[in-house]
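Summary of the model geometry
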Amino acid sequence: MATPPLTLDQLNAAPLDEVCAMLAGLYAHAPWIARAALQQRPFRSLAQFKYALCQVVTNAGKDAQLALLRAQPELAGEAMVDKSLTGESTNMQNKAGLTPCTPAEFEKIQQLNSDYKARFGFPFILALGGPRGLGLQRAEIMATFERRLQGHPDPEFQEGLRNLHRVAEIRLNDKFGRSIERGNRVWDWQEALAQYSDPGYAELGQLTVTYLTDAHRACAQRISNNMREAGCDDVHIDAVGNVVGRYKGTGENPKALMTGSHYDTVRNGGKYDGRLGIYVPLACVQRLKRANKRLPFDLEIIAFAEEEGQRYQATFLGSGALTGDFKPDWLDQVDAEGISMRQAMEHAGLCIDDIPKLKRIASDYMGFVEVHIEQGPVLNELNLPLGIVTSINACVRYTGEMLGMASHAGTTPMHCRRDAAAGVAELMLHVESRAAADGDSVGTVGILNVPGGSINVVPGRCQFSLDLRAPTNAQRDALVSDVLAKIEQITKARGLHYHLTETLRASAAPSAPAWQQRWEAAVAALGLPLHRMPSGAGHDAMKLHDLLPQAMLFVRGENAGISHNPLESSSSDDMQLAVQAFEHLLNSQAQELS
Ligand SMILES: [Zn+2]
C-alpha cells in the first residue's frame, strides 16, 4: 500500500520520533542527521530543511563525516549481491540500470570499487538519480567513477558528502510527493536545445554553438518556438540574431522588465551556461499564461545571440547591440574559415542596416535581471542552491615579458644569474597572496612561457599574462598598482627588464541595490540563507549595466561548479528554486507597482 506523501505541516508539528520514523532511510545508516536537523523546526520550506540536513553534516566534524561515508554501500557491490541494501538504495540502483550488469561490467565495477576504496578509504558514492532525478545512464556512471577515482582526496571527500545530500534530496522529494515540474521543464528545454552543435563537435557528442552557424540558427528557431508555446505574445529574431519574446502586461505600467542571457556557447561547453537565464523566466511566463494572469508590466525575455566571443572577436555582441555598442568594424572581421561577420549575417537573413535601431531607451525599462549558473565552486561548497550577485567584477588584463640573460645552467653561479622565469615565478606568488589578501579579488598568471627554453639554460626570457579582477574599480586599481610595483621591485632586484601591455580593462558592474534586494527577498522567501557574492565572470548583465539598473541571481553548478566544460551540470531541483525565486521577484514587483 502506498503511503500518502508527507507534508511540511507534519514535518513541523508531528512528534519528533514520529517524524524521524517517517524520514527513515534518508541518509542510509545515519538517522542522527535528520534527528539533529529537526531540532531546528519549524521549517518554511522543504529547501530550508534540506539545507539544515547539510548543515548538520557540515558541523558534525571530519570523524562523523568519514563514518557516514564509510557506512554507505558500494555501488552495485557485494551488498547488491547479498541483497543487504536498504530499500531506497536498491530502488535507485535499479532505476539507474545498474542491475543486471554483464559479468564484464560487474567485474569492472568491482575493480573500480576496490581501487576507489583503497585510494580514499570510503566507498564511491554517486547520486544515481542524477541531476534530473530520472537515473543516470550506465555509461555516465562509469565515466564519473573513473574520473573521480583520479580526484584529490580532499575534494573527493566533499564530493562524496554532496552526493549523499543529493541522494537525500531525491528521497525527500519522493517522500513529500514533491513535484518539480517547472524545474524539470527548464532542464528538458535545455537538454533539447543541446542537440544542436557545430560540425566537428556534434560528431564527438560535444556542445559548441558559435555565432550564426547552422546549429546557432537552429537554436534561435527552437527558442522562438519555446517562447511562443510558453505564451509570449510577440516573438521575433532581431537584426543581430537575438531572440526576443515579450509577455505583455496589463499596460498599467509603461516600463518593461528585461531579462535573459545568451544561447551561444564556448567550444565543448556546457548546456546551462547562458541558457538557464532564458528558460527560467520562460517557465514563469508559461505558468502566468496557463493561469491567464498578466503582470502590470511587460516582461521582455531576450536570448542573446552572442556573448562568448568564439567565432569572432566581438564578445557581448548580442547585449552590446542593445546598448548601442555594436561596432560597425566588427562586420569586417573574418572567422577561421575566412567568412566575414557581414557575410555570416547576410547568409542568416539578418538586416544589418537595422542594427542601430536595436539600441534600447533606458526610460522604457525598469531594469535588467539575469539568472545564470554560477560557473564556480562557491555555492556547491556551501550546499546552497542560489546566490545573490553583488557586483560583476572589474577586470584588467596584461600580457608581458621579463628579460634577463640566458646563460649556462652548469657554469653560472646562483648569485650571477638573471633568470627571467624565476622573476615571473616570484611575481606569480605575489599575485596569489596579494589577491587572496583582499578576500574577494582574484589574480591569475595563466600564460607562462619560456621561448626556446632548454633544460640546461637559465631562462633569459619569460612571457606571461596577468588577469586581475575585483568587485569594485577601486579595489581592482589598488590590486593592479601593488602588482605593478612588485614587478618593478622584482625586476630591479634581479637585474631584469620587462615590458607590459594592457589588453583589456572592464569596469565593475555593481548590482543595483533595489534589484539586488528583490533577489534577496525572493531567496529568503524560499527559506534559504542569503549568500551574497561577486561574479568573477563577465555576463550580459555587465553590458546592460551601461543602460539599466541590473542584478543577477546565481544557481549552483554541480561537479564543483565546473563550467565551459561538458561536465557543467545543475539539478532540476535547483532550477525549480530559481524559477520560484524569479516568480517571487515578478510578483513582488507587481505588488510594488499596484
Ligand atoms: Zn554565460
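Residues numbered from 1 in each chain as written. Predicted model: local features only at pLDDT ≥ 70, side-chain atom pairs only at ≥ 80, totals over all residues. Heavy atoms only, no water.

1. Section: the coordination of the zinc ion
What counts, and what does not: Only N, O and S atoms count as donors, using a 2.8 Å limit from the metal and a wider 3.2 Å limit for Na, K and Ca, and since water is excluded some coordination spheres may look unfilled. A run of DSSP states H or I qualifies as a helix once it reaches four residues; a run of E qualifies as a strand once it reaches two. Both are numbered from the N-terminal end. Exposed residues in this analysis have more than 50% of their type's maximum accessible area, buried residues have under 20%, and partly exposed residues fall in between, with area computed by a 1.4 Å probe over protein chains only.
For the zinc ion, the full set of protein donor atoms is His262 (NE2), Asp273 (OD) and His372 (NE2), and the range of their distances to it is 2.0 to 2.2 Å. All donors to the zinc ion come from one chain, and their sequence spacing reads H-x10-D-x98-H. Taken together, the residues span a long stretch of sequence, with histidine 262 in strand 3 (residues 256-262) and histidine 372 in strand 5 (residues 365-373) at a distance of 110 residues. With a relative accessible area of 0%, histidine 262 lands in the buried category.

2. Some details on the side chain of histidine 216
As a reminder of what qualifies: Should any heavy atoms of two residues lie within 4.5 Å, those residues are considered in contact.
Structurally, histidine 216 can be placed in helix 12 (residues 214-230). Setting aside its immediate chain neighbours within four residues, histidine 216 contacts Val209, Thr210, Tyr211, Tyr263, Asp264 and Ala305.

3. A closer look at the pattern of salt bridges
Definition in use: By definition here, a salt bridge exists when the distance from a side-chain nitrogen of Lys or Arg to a carboxyl oxygen of Asp or Glu is within 4 Å.
A complete count under the given rule lists 37 salt bridges for this structure. Lysine 108 is the salt-bridge partner of glutamate 146, the closest N and O atoms lying 3.4 Å from each other. In this pair, glutamate 146 is assigned in helix 9 (residues 138-149) and lysine 108 in helix 8 (residues 103-120), connecting sequence segments 38 residues apart. With a relative accessible area of 35%, glutamate 146 lands in the partly exposed category. For lysine 108, a relative accessible area of 37% corresponds to the partly exposed category. When the shortest N-O distance is used, the salt bridge between aspartate 573 and arginine 178 registers 3.4 Å. Taken together, the residues aspartate 573 in helix 21 (residues 572-593) and arginine 178 in the loop between helix 10 (153-175) and helix 11 (181-193) connect sequence positions 395 residues apart.

4. A word on the environment of leucine 257
Counting through the fold element by element, leucine 257 comes out in strand 3. The exposure class of leucine 257 is buried, given its relative accessible area of 0%. Distance from leucine 257 to serine 224, taken between C-alpha atoms, is 19 Å for residues 33 residues apart in sequence. In this structure leucine 257 touches Phe297, Asp298, Leu299, Glu300, Met366, Gly367, Val369, Trp515, Leu585 and Leu586, once residues within four positions along its chain are discounted.

5. Some details on the packing of aromatic side chains
To be explicit about the condition: Aromatic rings from Phe, Tyr and Trp, taking only the six-membered ring of Trp, are treated as a pair when their centres fall within 6.5 Å; an angle between ring planes under 30 degrees marks them as stacked, one over 60 as edge-to-face, and anything in between as tilted. Here, a charge over a ring is recorded when the distance from Lys NZ or Arg CZ to the ring centre is within 6 Å and its angle to the ring normal is within 35 degrees.
Inspection of every chain in the model, using the stated rule, returns 13 aromatic pairs. Summarising the aromatic geometry, the rings of phenylalanine 304 and phenylalanine 368 are spaced 6.3 Å apart at their centres and angled 55° between planes, so their arrangement reads as tilted. Of the two residues, phenylalanine 304 is situated in strand 4 (residues 299-304) and phenylalanine 368 in strand 5; the sequence distance between them amounts to 64 residues. Relative accessible area serves as the criterion here: at 0%, phenylalanine 304 is assigned to the buried category. Three or more aromatic residues joined by ring pairs make a cluster, and in this case those are Tyr116, Phe120, Phe122, Phe124, Phe145 and Phe157. A cation sits over an aromatic face here: lysine 62 above phenylalanine 157, 4.0 Å from the ring centre. Sitting above the plane of the tryptophan 515 ring, arginine 518 keeps its charged end 4.2 Å from the centroid.

6. Points about the environment of leucine 126
Tracing the chain through its elements places leucine 126 in the loop between helix 8 and helix 9. The spacing of leucine 126 and threonine 58 is 68 residues in sequence and 18 Å in space, taken between C-alpha atoms. Beyond its immediate stretch of four places on either side in the chain, leucine 126 contacts Leu136, Ile141, Thr144, Arg148, Asn163 and Val167.

7. Considering the packing of helix 17 (residues 420-438) against helix 18 (residues 473-494)
In plain terms, the rule: Working convention: axes come from line fits to C-alpha atoms, limited for helices to the stretch in contact. Angles between N-to-C directions cover 0 to 180 degrees. Angle categories: roughly parallel below 35 degrees, roughly antiparallel above 145, roughly perpendicular from 65 to 115, and oblique for all the rest. Rotating anticlockwise by less than a right angle from the far helix to the near helix defines a left-handed crossing, while the corresponding clockwise rotation defines a right-handed one.
Axis separation between helix 17 and helix 18 bottoms out at 10 Å; the angle between their running directions is 155°. By the angle between their axes, helix 17 is roughly antiparallel relative to helix 18. For helix 17 against helix 18, the interelement crossing comes out right-handed. Listed contacts from helix 18 to Ala422, Gly423, Glu426, Leu427, His430, Val431, Arg434, Ala435 and Asp438 of helix 17 are Gln475, Ala478, Leu479, Asp482, Val483, Lys486, Ile487, Ile490 and Arg494.

8. Describing helix 10
Cut-off, in case you're wondering: Any helix carries an expected span of 1.5 Å times its number of residues minus one.
In this model helix 10 runs 33 Å from its N-terminal to its C-terminal C-alpha over 23 residues, within 8% of the 33 Å that 1.5 Å per residue would give. Positive phi shows up at glycine 177, right after helix 10, with a value of about 55°.

9. A look at unusual backbone geometry
Generally, phi is negative for residues other than glycine and the peptide bonds are trans, each holding for most cases. The omega angle of the peptide bond from arginine 41 to proline 42 is 5°, so this bond is cis rather than trans. Looking at the secondary structure, you find proline 42 in the loop between helix 3 (31-38) and helix 4 (46-59). Phi is positive for asparagine 292, which is not a glycine, with a value near 55°. For asparagine 292, the position within the fold is in the loop between helix 13 (276-290) and strand 4. On the basis of relative accessibility, which here comes to 68%, the residue asparagine 292 falls in the exposed class. One non-glycine residue with positive phi stands out, namely asparagine 383, at about 60°. With respect to the helices, strands and loops of the structure, asparagine 383 is situated in the loop between helix 16 (378-382) and strand 6 (386-392).

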